[in-house]
Amino acid sequence: MADPAIVVEGVSKRFRLYHERNRSLKATIMRGGRARYEEFWALRDVSLEIPEGITFGLVGENGSGKSTLLKCIARILRPDDGKIRTRGKMAALLELGSGFHPELSGRENVFLNGSILGLSKRELTARFDEIVGFAGLERFIDQPVKNYSSGMYVRLGFSVAINIDPDVLLVDEVLAVGDAVFQRRCNEKFADFRRAGKTVVIVSHAAEAMRTMCDQVAWLKDGQVVAQGRSEDVVDDYVDEGHEDRVAVAADEAQSRWGSGEVRLQSVRLVDRTGRQITHPSTGDAVTFRLRYRAEKAVPKPVFGLALETLDGTWLWAHHTRDAGFVPDEIYGEGTVDLHVPHLMLQTGTYDLSASVVDYTATHQYDYLRRCLRFDVEHGTPRESGGFVALGGQWSSADFDA
Amino acid sequence: MSSVAELAKSRELFVNLTLRELRGKYKRSLLGWTWSLLNPLATMVIFTVVFRFFLKVEPDPGNPSGLHVFAIFLLCGLLPFNFLSNGITGSMGALIGNSNLIQKVFFPREILVAASIASWLVSFWIELGVLALILVLAGNFVLPWLLPALGLVLIQTMFVIGLGLLLSVLNVYFRDVQHFVGIILQIWFYATPIVYPIRVVAAALEKYPAIFTLYKLNPMVRFVEAYRDCLYDLRFPPLLDTSYLFGVSAATLALGVLVFTRLEPKLAEEL
Ligand SMILES: Nc1ncnc2c1ncn2[C@@H]1O[C@H](COP(=O)(O)OP(=O)(O)O)[C@@H](O)[C@H]1O
Ligand SMILES: [Mg+2]
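Here the residue numbering is sequential within each chain, running from 1 through the sequence in written order. The order in which chains are written sets their letters, starting at A; the order in which ligands are written sets their numbers, starting at 1. Local features are withheld for residues below a pLDDT of 70 in this predicted model, meaning they are given only at 70 or higher, and side-chain atom pairs are given and counted only at 80 or more; totals for whole chains, interfaces and linings count all residues. Excluding hydrogens and water, the side-chain values take into account all heavy atoms of the structure.

### Describing the overall build of chain B
Quick note on the threshold: Numbered from the N terminus, helices here are DSSP runs of H or I no shorter than four residues, and strands are runs of E no shorter than two. Our radius of gyration is a C-alpha quantity, and the globule rule it is checked against amounts to 2.2 Å times the number of residues to the power 0.38. Each residue gets one of three labels from its accessible area relative to the maximum for its type: buried under 20%, exposed over 50%, partly exposed in between, using a 1.4 Å probe on protein chains only. The contact criterion used is simple: two residues touch if any of their non-hydrogen atoms lie within 4.5 Å. Areas reported here follow the Shrake-Rupley algorithm with a probe of radius 1.4 Å; residue values treat only the protein chains shown as occluding. This count recognises Lys and Arg as positive and Asp and Glu as negative, with His and chain-terminal groups excluded. Think of each charge as sitting on NZ of Lys, CZ of Arg, CG of Asp or CD of Glu.
Scanning chain B for helices and strands turns up 12 helices and 0 strands. Listing each helix as α and each strand as β along chain B from the N terminus yields α-α-α-α-α-α-α-α-α-α-α-α. The C-alpha atoms of chain B give a radius of gyration of 20 Å, which matches the 18 Å a tight globule of 271 residues would have. Seen along its three principal axes, the alpha-carbon backbone of chain B occupies a region of about 55 × 45 × 35 Å. Within the span of chain B, comprising 271 residues, buried residues form 49% of the whole. Intrachain contacts of chain B at a sequence separation of at least 6 include 79% that bridge at least 24 residues. Surface summary for chain B: the accessible area is close to 12,700 Å², and the carbon and sulfur share equals 73%. Of the charged side chains in chain B, 20 are positive and 16 negative, and the gap between their average positions amounts to 5 Å.

### Re the nonpolar core
Worth spelling out the cut-off: Side-chain atoms within 4.5 Å are what join buried Ala, Val, Leu, Ile, Met, Phe, Trp, Tyr and Cys residues into a set we call a nonpolar core.
In this structure, A:Leu170 and B:Leu84 are the most contacted members of the largest nonpolar core, which totals 157 residues. In terms of residues, this core owes the most to one element, helix α3 (residues 70-97) of chain B, which gives 16 residues. Leaving out residues up to four positions away in the same chain, B:Leu84 has contacts with B:Gln156, B:Phe159, B:Val160, B:Leu163, B:Leu185, B:Trp188 and B:Met220. Counting residues in each nonpolar core, the second largest holds 29 residues, with A:Ala295, A:Tyr351, A:Leu369 and A:Cys372 among its members.

### What about the pattern of salt bridges?
All names here are of chain A. Applicable threshold: When a carboxyl oxygen of Asp or Glu is within 4 Å of a side-chain nitrogen of Lys or Arg, the pair counts as a salt bridge.
Counted by the stated rule, this structure contains 31 salt bridges over all chains. A salt bridge links Asp236 to Arg383, with the nearest nitrogen and oxygen atoms 4.0 Å apart. Taken as a pair, Asp236 in helix α8 (residues 231-240) and Arg383 in the segment after β17 (365-377) lie far apart in primary sequence, 147 residues in all. We classify Arg383 as exposed; its relative accessible area is 57%.

### Quick look at the interface of chain A and chain B
Basically, it comes down to this: Summed over both partners, the accessible area (1.4 Å probe) lost when two parts come together is defined as the buried area. Polar contacts here mean pairs of N or O atoms no more than 3.5 Å apart (in protein, one a potential hydrogen donor and the other a potential acceptor; neighbouring residues in sequence count only if both atoms are side-chain atoms). Under the scheme applied, nonpolar residues are Ala, Val, Leu, Ile, Met, Phe, Trp, Tyr, Cys and Pro; charged residues are Asp, Glu, Lys and Arg; polar residues are all the others, including Gly.
Taken together, the contact pairs 38 residues of chain A with 31 residues of chain B. In total, chain A and chain B occlude about 2,800 Å² of area from one another, counting both sides; carbon and sulfur atoms represent 54% of this. Notably, a salt bridge pairs A:Lys13 with B:Glu269, separated by 2.7 Å at the nearest N-O pair. Remark: the boundary between chain A and chain B carries 4 residue pairs in polar contact (both at pLDDT 80 or more). Of all the secondary-structure elements, those providing two or more residues to the side of chain A that touches chain B are β1 (6-18), α1 (25-31) and α3 (106-116) of chain A. Looking at the side of chain A that touches chain B element by element, the count peaks at 6 residues for α3(A). By residue class, the composition of the side of chain A that touches chain B is 16 nonpolar, 10 polar and 12 charged.

### Things to note about the site of ligand 1
Residues and elements named next belong to chain A. Condition: Whether a residue is near a molecule or strand depends on its heavy atoms: if one lies within 4 Å, it is near.
With respect to spatial proximity, 13 residues lie near ligand 1, and among them Gly63, Gly65, Lys66, Ser67 and Thr68 are the closest. The contact in question runs from an oxygen atom of ligand 1 to an N or O atom on the backbone of Gly63, over 2.7 Å. Lys66 has a polar backbone atom sitting 2.9 Å from an oxygen atom of ligand 1. Expressed as a share of its isolated accessible area of 560 Å², the protein-covered part of ligand 1 is 68%. Sorting the residues of the shell around ligand 1 by element identifies β1, β2 (37-50) and α2 (66-73) as the ones contributing at least two each. Classifying every residue of the shell around ligand 1 by side-chain character gives 4 nonpolar, 6 polar and 3 charged.

### So, the confidence of the model for chain A
What counts here: The predictor's confidence in any single residue is recorded as pLDDT, a number from 0 to 100.
Confidence in the prediction for chain A averages 84 pLDDT; 90% of positions are at 70 or higher. Across residues 243-252 of chain A, confidence stays below pLDDT 50; counting only partners more than four residues off in sequence or on other chains, it has 25 contacts.

### Structural notes on the packing of helix α6 (residues 146-173) of chain B against helix α10 (residues 219-233) of chain B
Residue and element names in this part refer to chain B. For clarity, the threshold we go by: Axis geometry follows a simple rule: fit a line to the C-alpha atoms, using only the stretch in contact for helices, then measure angles between N-to-C directions, giving values from 0 to 180 degrees. Every angle not falling under 35 degrees, over 145, or within 65 to 115 is termed oblique; those three ranges are roughly parallel, roughly antiparallel and roughly perpendicular. Left-handed is the label given to a crossing in which the near helix is rotated counterclockwise from the far helix by less than a right angle, and right-handed is the label when the rotation is clockwise.
In the contact formed by α6 and α10, the axes pass within 9 Å of each other and the chain directions differ by 165°. With respect to α10, the axis of α6 lies roughly antiparallel. Considering how the two elements wind past one another, α6 and α10 form a crossing that is left-handed. Along its contact with α6, which presents Leu146, Pro148, Ala149, Leu152, Val153, Ile155, Gln156 and Phe159, the element α10 presents Pro219, Met220, Phe223, Ala226, Tyr227, Cys230 and Leu231.

### As for a nonpolar patch on the surface
For the record, the criterion: Within this analysis, patches are made of residues with over 30% relative accessible area and no salt bridge. Like charges are joined at 9 Å or less; nonpolar side chains (Val, Leu, Ile, Met, Phe, Trp, Tyr) at 5 Å or less.
A cluster of nonpolar side chains, namely B:Val45, B:Val49, B:Phe53, B:Phe54 and B:Leu55, defines an oily patch on the protein surface of about 510 Å² accessible area. Within the fold, B:Phe53 resides in helix α2 (residues 34-54).

### Examining the sheet that holds β1(A)
All names here are of chain A. Test applied: When DSSP finds two or more bridges between two strands, those strands count as paired.
Read from one edge of the open sheet, 3 strands run β2-β1-β4, paired in antiparallel fashion. Looking at which strands have only one partner, the edges of the open sheet turn out to be β2 and β4 (81-86). Here the average twist between neighbouring strands, direction ignored, is 30°.

### Quick look at unusual backbone geometry
Between A:Thr381 and the following residue, A:Pro382, the backbone shows a cis peptide bond with an omega angle of 0°. One can find A:Pro382 in the segment after β17. Here the bond from B:Asn63 into B:Pro64 is cis, since omega is 10°, no more than 30 degrees from zero. By the secondary structure assignment, B:Pro64 is in the loop between α2 and α3. In this structure, A:Asp45 takes a positive phi of about 50° despite not being glycine. Judged by its relative accessible area of 56%, A:Asp45 falls in the exposed class. Although it is not a glycine, A:Asp165 sits at a positive phi angle of roughly 60°. As for its position among the elements, A:Asp165 is in the loop between α5 (150-163) and β6 (168-172).

Below you can see the structure in the form of structure tokens.
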């Protein structure tokens, strides 16, 4: 077998967390020298071998050290211990933006970034149209990039990185930003890369996408490698292990909340048949979404609603009590509302629930909790092959038996 | 990758970054490049009015040139000092202002400092060109003396790069370094014979020769004197002075490179 493209040997990386927010010379002199800080190990003795010509994934919870490892490979951070060897020309697309200068135009940034990545002016001129075309930014290329949306930013960065024709491409969580068309084109580019025998390393906390995109995956947890191997196996383990620490988010921990407050949602829970709270239902399970509310005064005809989305923000499903013809004349005080789901027809993955109470015309919000409950679905029955929803269908044929 | 290829790659990047600095500096201003000249000229006018006409500062006539114009005397010191001050201030912004690049892409970080200083060096050259023109118009046939003057620019560039590397990286670790440097530059300006001839200091410190020796240890004192020798007086600066300047500049550069390479690996996380 050929030499690996990237070898990571016993790499550890330590960050210092300073106690003072403002580190100034004045404060340091007054303190008489050393700054006070705590040490924090973001990576601990990580070893990996990434063979040439494959697409390699790094999965793990937020904060597990994926980005740190990628930055060490990209030589942006220097490990405190261990060695990293890479072969060939490398391009990195780290979280948002790849070092664009906000005041300069897209065109100037392409040339600047390209020269940082090692292209001469002549090579860049030759590839310029292709770069801009792939990003789909022909009309905006002479505007300052500070006017770009985050999607445009990422598209341009990705386009530069990919068109400098690197041997190794490092990508951190950026693909979630682009729209579906761009994501598809990126995936095609990855496929081209693979065919050309080049190596791609992708980082994501959204495990499901990695299952299909990657040949091999390593799973990082608290800065250490838990597992490395075929992507299906590792991603299954990662999903099943069910991020233990993840419990139902209390209502006041929702990602954002707004509303006038005549009715407040006090908790949003996922419970099983016996009323016990669960965080890891399986496909096909009977589950109940349970809302507890409190109305400070009599509120006529309130409408309760629930919505589900995936981690990358795709809106999967929504349902509210008005469409179901289940609206009380009035509520007052505390109470609960349940939505019984006889069969949870979601495939494995992580989902976010949002909940709301609005008035009957749906124009006035009493309370809205965005992404207030996150849960992971594990393998169950039916077990179907991919995507978010399970249809529970049956294969059959009039012409053969199987 | 071979180091030659690495170097060629860095050269291209260096040129690109320098051009970016220059463009950024002059792009959106109505007068474009002339700004680069208006600034020192405005300072020249103000200082000439205040120091020459209000305070009656009297420069010596050029020896042997015989030139006797305060404004030109002033410019010969002001332009090199501006290069120092702009170069240092620019360097201190070079790392912090490009944190987005440093945190996203790998490349030799010292290029940022070098490019910032190079852009100020280009401004300095243009200003010196205009000064040469003024000198010729004022009757100083300065052309042959531009060569030793360029030698001085080279030595001073070493000095500025050394300080720039040192202070730029310190400024990442301690954000108030730039405030201190701002104050120090003001003191430094008046501790250098720019708006007054050195003769005045010598006279004032006649009874304290030790302090005068100390005063002359300031490399900018000798830089300004040496530039004046070449451009105003039309004579070679004393060899002792130029050797001193070369020694100090080389040492400063070495210190800057040393400190920078020590602190550079952690730049991305300290920014
Ligand atoms: N520059 C930094 N200074 C201090 N801590 C950091 C720095 N960068 C990352 N960390 C910490 O290191 C840990 C790993 O971060 P990261 O690699 O970004 O995780 P991931 O990409 O897997 O979400 C986190 O706890 C994060 O807070
Ligand atoms: Mg990350």
